[in-house]
Amino acid sequence: MIVIEHLGDIPAGTKCSAVFFDTDKIRREKEFYARLYSENGVRDQEILRAMVAANVPDDPYWLVSLKPGDDLIGGVTRLHRVDDRTGKLLAEPS
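A quick note: this is a predicted structure, and the numbers were derived from the prediction, not measured.

Definitions and cut-offs
- Residues numbered from 1 in each chain as written.
- Predicted model: local features only at pLDDT ≥ 70, side-chain atom pairs only at ≥ 80, totals over all residues.
- Heavy atoms only, no water.
- Helix = DSSP H or I, 4+ residues; strand = E, 2+ residues; numbered from the N terminus.
- Buried < 20%, exposed > 50% of the residue type's maximum accessible area, 1.4 Å probe, protein only.
- Contact = heavy atoms within 4.5 Å.
- Areas by Shrake-Rupley, 256 points an atom, 1.4 Å probe, with all protein chains shown as cover.
- Axes fitted to C-alpha atoms, helices over the stretch in contact; angles between N-to-C directions.
- Parallel < 35°, antiparallel > 145°, perpendicular 65-115°, else oblique.
- Left-handed = near helix turned anticlockwise from the far one by under 90°.
- Arc of directions from axis to C-beta.
- Polar contact = N/O pair within 3.5 Å; in protein donor to acceptor, adjacent residues only side chain to side chain.
- Pairing = 2+ DSSP bridges.

1. Notes on the overall build of the protein
Then, in step 1: Looking only at helices and strands, one finds 3 helices and 3 strands in the protein.
Then, in step 2: Helices and strands in the protein line up, N terminus first, as α-β-α-α-β-β.
Then, in step 3: Taken across its 94 residues, the protein has 24% of its residues classed as buried.
Then, in step 4: Restricting to contacts in the protein with at least 6 residues of sequence separation, those with at least 24 account for 54%.
Then, in step 5: Carbon and sulfur atoms provide 54% of the accessible area of the protein, an area that totals close to 6,700 Å².

Here it is as structure tokens:
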């Protein structure tokens, strides 16, 4: 998988799962972020669109989760977005 190849040394026992975000899921994700930002006081529509665009890709992607195995207590789950068309990791929102 591209995420494992990109990150390199993934410990044995790491659990990997992936969810595909198609056009409909991306639309719902954008609606969620727009509602969230609106509820937190963002009223300017241009700023709102820019904030949503900074957090949600426009094109279909895979959301990949890497979670440490059961023997690692307190391990952190890492999430990565992979472009469906190119197979490349997408930059994380800043």
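Having seen it, we continue.
2. Remarks on the packing of helix H2 (residues 23-39) against helix H3 (residues 45-55)
Working note: a packed helix pair is described by the angle between its axes plus the distance between those axes.
Then, in step 1: For the pair H2 and H3, interaxial distance at closest approach is 9 Å and the crossing angle is 130 degrees. Here H3 runs oblique to H2, going by the angle between their axes. Crossing of H2 over H3 shows right-handed handedness. Each of Lys30, Tyr33, Ala34, Tyr37 and Ser38 in H2 lies in contact with H3, whose residues at this interface are Leu48, Met51, Val52 and Asn55.

3. Describing H3
Then, in step 1: Inspection of H3 places Leu48, Val52 and Asn55 among the buried residues, and these make up the whole buried set. Projected onto a plane normal to the axis of H3, the buried residues spread over an arc of 65 degrees and lie on a single side. In this structure, H3 carries Glu46, Arg49, Ala53 and Ala54 as exposed residues pointing more than 90 degrees from its buried face.
Then, in step 2: Tucked inside the fold, the buried residues of H3 contact H2 and strand S3 (78-83).
Then, in step 3: Of the residues flanking the start of H3, the one acting as N-cap is aspartate 44, its side-chain oxygen 2.9 Å from the backbone nitrogen of glutamate 46.

4. Considerations on the sheet that holds S3
Then, in step 1: Taken in spatial order, the 3 strands of this open sheet run S1-S2-S3, and their pairing is antiparallel. Looking along the sheet, the strands with just one partner apiece sit at the ends: strand S1 (15-21) and S3. With strand direction ignored, the average angle separating the axes of adjacent strands in the sheet is 20 degrees.
Then, in step 2: Here strand S2 (residues 61-67) pairs with S3 via 6 bridges, running antiparallel. Residue pairing for S3: leucine 66 is matched across the bridge by arginine 78.
Then, in step 3: The strands touched by H2 within the sheet are S1, S2 and S3, with S1 carrying the most contacts at an inclination of about 90 degrees.

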